[in-house]
Amino acid sequence: MAFVIVLAALCFLMYVAYRGHSVILFAPVAALGAVLLTDPSLVAPMFTGLFMDKMVGFLKLYFPVFLLGAVFGKLIEVSGFSKSIVAATIRLLGRERAMLSIVAVCALLTYGGVSLFVVVFAVYPFAAELFRQSDIPKRLIPGTIALGAFTFTMDALPGTPQIQNIIPTAFFGTDTWAAPWLGLIGGVFILIVGLRYLNWRRRVALRAGEGYGENLINEPAPFAGGRLAHPAVAILPLLLVGIANKAFSVWLPQVYGARHSFDPAVIGDAAPVVQEVSKIAAIWAVEGALLIGIAAVVVFAWKPVTVSFAEGSKAAIGGALLAAMNTASEYGFGAVIAALPGFLVVANALAAIPNPLVNEAVTVTALAGITGSASGGMSIALAAMADSFIANANAAGIPMEVLHRVAAMASGGMDTLPHNGAVITLLAVTGLTHRQAYKDVFAITLIKTMAVFVVIGVFYATGVV
């Protein structure tokens, strides 16, 4: 019964998300409904002490990233930079490679360390303009961005600085370059199969006479600033974000050390505020990089930006608030579900899978799917079962690097179910609903999950790491 309650809460939230209802409202309803059926006396304590605590904690850390990312994306749009880059892309690659172009931009930003949420805000103006000019249905944009940002550069390619590739290092004593060949093989598999799927979907739409679409919402505003900037100038802010993010990631820990404290009051005896820099430096780096990117757009496109900044920034801030609250509510839901007895039933059942790598892959991707978070599901799985994974791997002669790569890739498998925060953010930013666009995101999810087992098969067949 405990398992059925957890499953029912998950299915309910996925259903209401797919139907277009707000997860800000229904995430706590689903979570607390599960608590009510499990132990009614815990409803109020779990709501305040766990759901709200996790939700507010997420906002405290990440809302500035959402806000700056949304403003950056809006300035890229109103400055005409998106239109300039799209025009250059069409001249260079042709309209028929529009999807490849968007996947490549997403991949470069993600592999450069830019947050997945920032990539969504930054790339959408390019994608909308390019798909409109190429007459590709807008409903294919979320699947295309998901392939470029949520898959191979998030956790498969060796060295990626995304959190999903960093978490396993603490459990297995590895580094982010673990199992490079397996990561490359998995990444190439995802890219090739994903692009083939998206291009097939495009051809089907073309044969049906379906174009970009009409009466759509959240469409980028048309550029009205006269002459477009040179593509080299237009792409410079994006490059600066990636470069500055990397530079700040290295520089900030050196400047502040592992911990930094300050006295928050001039008068009185207030306790010093202690900041664990090692836990926050990556977020500071992204925020600093986005500020530099915003400043670059303002400098290079002063006139069109100043004309549209007031209205554009209002829209960006509204979008950032909605996206951040959606994701934070999901984060709170996952925390509550993970605290219920039914979640333990799931974890114990998964532990019974005999093969070490299949056990790890299924456990991590299942918990990521239940919690709606790749990093959250993997953290829970490894915190509870890493010792068991390691013992079984040592008995089977499996290197820790392989455990690392399988865990990282599995976390990005079934995490993108309808209630996932990144998926909801992606759909909100693009102005599309689950009914319009989630089918293709789910197809990419299946391809990504399949790639984990392809990598496992390659390791057992060849021994390559």
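Definitions and cut-offs
Residues numbered from 1 in each chain as written. Predicted model: local features only at pLDDT ≥ 70, side-chain atom pairs only at ≥ 80, totals over all residues. Heavy atoms only, no water. Helix = DSSP H or I, 4+ residues; strand = E, 2+ residues; numbered from the N terminus. Buried < 20%, exposed > 50% of the residue type's maximum accessible area, 1.4 Å probe, protein only. Contact = heavy atoms within 4.5 Å. Areas by Shrake-Rupley, 256 points an atom, 1.4 Å probe, with all protein chains shown as cover. Patch = residues over 30% accessible without salt bridge, like charges linked within 9 Å, V, L, I, M, F, W, Y side chains within 5 Å. Salt bridge = Lys/Arg side-chain N within 4 Å of Asp/Glu carboxyl O. Axes fitted to C-alpha atoms, helices over the stretch in contact; angles between N-to-C directions. Parallel < 35°, antiparallel > 145°, perpendicular 65-115°, else oblique. Left-handed = near helix turned anticlockwise from the far one by under 90°. Nonpolar A, V, L, I, M, F, W, Y, C, P; charged D, E, K, R; others polar. Phe/Tyr/Trp six-rings, centres within 6.5 Å; stacked < 30°, edge-to-face > 60°. Bend = angle between axes of the 7 residues up to and from the residue. Expected span 1.5 Å × (residues − 1). Polar contact = N/O pair within 3.5 Å; in protein donor to acceptor, adjacent residues only side chain to side chain.

Draft legend 1. Structural context of the overall build of the chain. Broken down by element type, the chain carries 19 helices and two strands. The principal-axis extents of the C-alpha atoms in the chain amount to approximately 70 × 65 × 45 Å. Expressed as a percentage of the 465 residues in the chain, the buried residues total 53%. A separation threshold of at least 6 residues defines the contact pool for the chain, and within that pool the share at least 24 residues apart is 81%. With the model as given, the accessible surface of the chain reaches about 19700 Å², and the carbon-plus-sulfur share is 68%.

Draft legend 2. Broad picture of a nonpolar patch on the surface. A cluster of nonpolar side chains, contributed by Met-1, Phe-3, Val-4, Leu-7 and Val-345, occupies part of the molecular surface with about 490 Å² of accessible area. Counting residues per element, the nonpolar patch draws most heavily on helix α1 (residues 2–18), at three residues. If you trace the backbone, Leu-7 turns up in helix α1.

Draft legend 3. Broad picture of the packing of helix α4 (residues 81–93) against helix α6 (residues 116–134). Two elements in contact, α4 and α6, have axes whose closest approach is 9 Å; the angle formed by their N-to-C orientations is 50 degrees. Between α4 and α6, the angle falls in the class oblique. In this structure, α4 meets α6 at a crossing whose hand is right-handed. Across from Phe-81, Ser-82, Lys-83, Ile-85, Val-86, Thr-89 and Ile-90 in α4, the residues of α6 making contact are Pro-125, Phe-126, Glu-129, Leu-130 and Gln-133.

Draft legend 4. Structural detail: the packing of helix α7 (residues 141–149) against helix α18 (residues 421–430). Running from amino to carboxyl end, α7 crosses α18 at an angle of 135 degrees, the nearest separation of the two axes being 10 Å. As the angle between them shows, α7 and α18 are arranged oblique. Here α7 and α18 pass one another in a crossing that is right-handed. Across from Ile-141, Pro-142, Ile-145 and Ala-146 in α7, the residues of α18 making contact are Leu-426, Leu-427 and Thr-430. Residue classes in the contact of α7 with α18 are distributed as six nonpolar, one polar and no charged.

Draft legend 5. Main features of the packing of aromatic side chains. All told, the structure shown has 11 aromatic pairs when counted by the stated rule. Among the aromatic residues, ring-to-ring pairing joins Phe-58, Tyr-62, Phe-66, Phe-121 and Tyr-331 into one connected group.

Draft legend 6. Region of interest: the environment of Pro-272. Within the element layout of this structure, Pro-272 appears in the loop between β1 (259–262) and β2 (273–276). Sequence-wise, Pro-272 and Asn-215 are 57 residues apart; in three dimensions their C-alpha atoms are separated by 54 Å. With residues near it in sequence (within four places) discarded, Pro-272 still touches Phe-262 and Pro-264.

Draft legend 7. Region of interest: unusual backbone geometry. Even without a glycine there, the phi angle at Asp-135 is positive, about 60 degrees. Locating Asp-135 in the fold gives a position in the loop between α6 and α7. By relative accessible area, which is 47% here, Asp-135 ends up partly exposed. Located in the positive-phi region is Ala-179, a residue other than glycine, with phi close to 45 degrees. Positionally, Ala-179 belongs in the loop between α9 (163–172) and α10 (180–207).

Draft legend 8. View of the pattern of salt bridges. Per the stated rule, a full pass over the model turns up 10 salt bridges. Between Lys-138 and Glu-219 there is a salt bridge; the shortest N-O distance is 2.6 Å. Pair noted here: Lys-138 is in the loop between α6 and α7 and Glu-219 is in the loop between α10 and α11 (231–256), with a separation of 81 residues, a long-range link. On the basis of relative accessibility, which here comes to 1%, the residue Lys-138 falls in the buried class. Among the residues examined, Glu-219 registers a relative accessible area of 27% and is labelled partly exposed. Sharing partners across several salt bridges, the network here consists of Glu-129, Arg-132, Lys-138 and Glu-219.

Draft legend 9. Main features of helix α3 (residues 43–78). Maximum bend of α3: about 50 degrees, positioned at Tyr-62, with proline Pro-64 one to four residues after it. Positive phi appears at Gly-80, one or two residues downstream of α3, with a value of about 85 degrees.

Draft legend 10. Inspection of helix α2 (residues 23–38) at higher detail. The terminal C-alpha atoms of α2, which comprises 16 residues, lie 22 Å apart, in line with the 22 Å expected from a rise of 1.5 Å per residue. Among the residues making up α2, those that are buried are Val-23, Ala-27, Pro-28, Ala-30, Ala-31, Leu-32, Ala-34 and Val-35. Of the surrounding secondary structure, the elements contacted by the buried residues of α2 are α1, α3, α13 (302–338) and α18. For α2, the capping residue at the N-terminal end is Ser-22, with a side-chain oxygen 3.2 Å from the backbone nitrogen of Ile-24.

Draft legend 11. The side chain of Asn-165, seen in detail. Mapping Asn-165 onto the fold places it in helix α9. Taking the relative accessible area as the measure of exposure, Asn-165 reaches 0% and is therefore buried. From its side chain, Asn-165 meets the backbone oxygen of Thr-160 in a polar contact 2.9 Å long. Residue contacts for Asn-165: discarding those within four places in its chain leaves Met-154, Asp-155, Leu-157, Gly-159, Thr-160, Thr-176, His-404, Arg-405 and Ala-408.

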